[in-house]
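A closer look at the structure
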Amino acid sequence: MKRAVRSRRKVYGQLLVHARRQPHREFCGILAGQDGLITQAFPANNVAADPVRNYEIAPKEIVRLMGKLRKRRLGFLGICHSHPNWLDTNEPSPKDIALAYYSEAIYFIVTPRPYATTPIRAFSIRDGRAIELEIQVLP
Ligand SMILES: [Zn+2]
C-alpha cells in the first residue's frame, strides 16, 4: 500500500494555478501545515541559473519563509516545484533526487499540462531513492 499524504483542496488548486501561469519554466515553493496535513503553499522565486530546467530557492528566502511559518504556527512539510510542459512526466529527475536535502520533506511535482491524469504527484526522497506517495485531497 502506498503511504499517503494529506493536502487541502485549496493548496492543490493553488499549485496547479502557479504551474500553469508559467508553463515554460519551473515554479517552486514550500508546503506547510499541521499534523501532516498540508494547509498552505508559499511560492518562492526560482533563482536557478536555468529556471527552464531546474529550480532553486535562495537560502535567504528559505529563512524568510520559515519565519513566516513560525509566526503562523505552521510546520514545514515539503517542497513543491513544477516540470515545464515539454517534459514528459512529473517524476523526480536525477537532479531532483540528488538535490533532495530534506529527507523528512514531501516533494510535490506539478505538471502544467491541462489534461494530465496525475497533475500533481508526491514523493518521499531519501538515500537517493524516490518513493511515490498517494495524495489524499481533503476539503
Ligand atoms: Zn524536477
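Everything below is about the structure shown above.
Here goes a summary of the coordinates provided. (Residues numbered from 1 in each chain as written. Predicted model: local features only at pLDDT ≥ 70, side-chain atom pairs only at ≥ 80, totals over all residues.)

Before going further, it helps to spend a moment on the overall build of the protein chain. Of regular secondary structure, the protein chain possesses three helices and seven strands. Its helices and strands in sequence order give the protein chain the pattern β-α-β-β-α-β-α-β-β-β, from N to C terminus. In terms of C-alpha radius of gyration, the protein chain reaches 14 Å, essentially the compact-globule figure of 14 Å for 139 residues. Per-residue burial over the protein chain gives 29% buried out of 139 residues. Counting contacts in the protein chain only where the partners sit at least 6 residues apart, residues at least 24 apart contribute 64% of the total. (Helix = DSSP H or I, 4+ residues; strand = E, 2+ residues; numbered from the N terminus. Rg over C-alpha atoms; globule rule 2.2 N^0.38 Å. Buried ≥ 20, exposed ≤ 12 C-beta atoms within 10 Å, placed from the backbone. Contact = placed C-beta atoms within 7 Å.)

Here we take up helix α1 (residues 9-21). Under the 1.5 Å per step criterion, the end-to-end length of α1 is 19 Å for 13 residues, consistent within 8% with the ideal 18 Å. Considered for burial, the residues of α1 that qualify are Val11, Leu15 and Ala19. On an axial view of α1, the arc spanned by its buried residues comes to 70 degrees, and they lie on one face. The exposed residues of α1 that point more than 90 degrees off its buried face are Arg9, Gly13, Val17 and Arg21. For α1, the secondary structure elements touched by its buried residues are β1 (4-8), β3 (37-44), β4 (75-82), β5 (106-110) and β6 (120-126). (Expected span 1.5 Å × (residues − 1). Arc of directions from axis to C-beta.)

Walk down a regular strand and you will see the side chains alternate between the two sheet faces. Of all eight residues that make up β4, six are buried, and the element is covered over most of its length. Sheet topology note: the strand β2 (residues 28-34)/β4 ladder contains six bridges and is antiparallel. Note that in β4 the partner of Ile30 across the bridge is Ile79. Bridge analysis of β4 against β5 gives five bridges, and the strand direction is parallel. Within β5, the residue paired with Cys80 across the bridge is Phe108. (Pairing = 2+ DSSP bridges.)

The subject of this paragraph is the environment of Leu15. Along the chain, Leu15 turns up in helix α1. For the pair Leu15 and Cys28, spaced 13 residues apart in sequence, the C-alpha separation works out to 9.3 Å. Setting aside its immediate chain neighbours within four residues, Leu15 contacts Ala41, Cys80, Phe108, Val110 and Ile120.

We now examine the sheet that holds β5. With mixed pairing, the seven strands of this closed barrel are ordered in space as β1-β3-β2-β4-β5-β6-β7. Pairs of neighbouring strands in the sheet enclose a mean axial angle of 40 degrees, with direction left out of account. Relative to β6, β5 runs antiparallel, the two being bridged by five bridges. Its bridge partner being in β6, Tyr107 is matched across the sheet by Phe123. Along the sheet face, α1 touches β1, β3, β4, β5, β6 and β7 (129-138) and points at about 25 degrees away from the line of β3. (Axes fitted to C-alpha atoms, helices over the stretch in contact; angles between N-to-C directions.)

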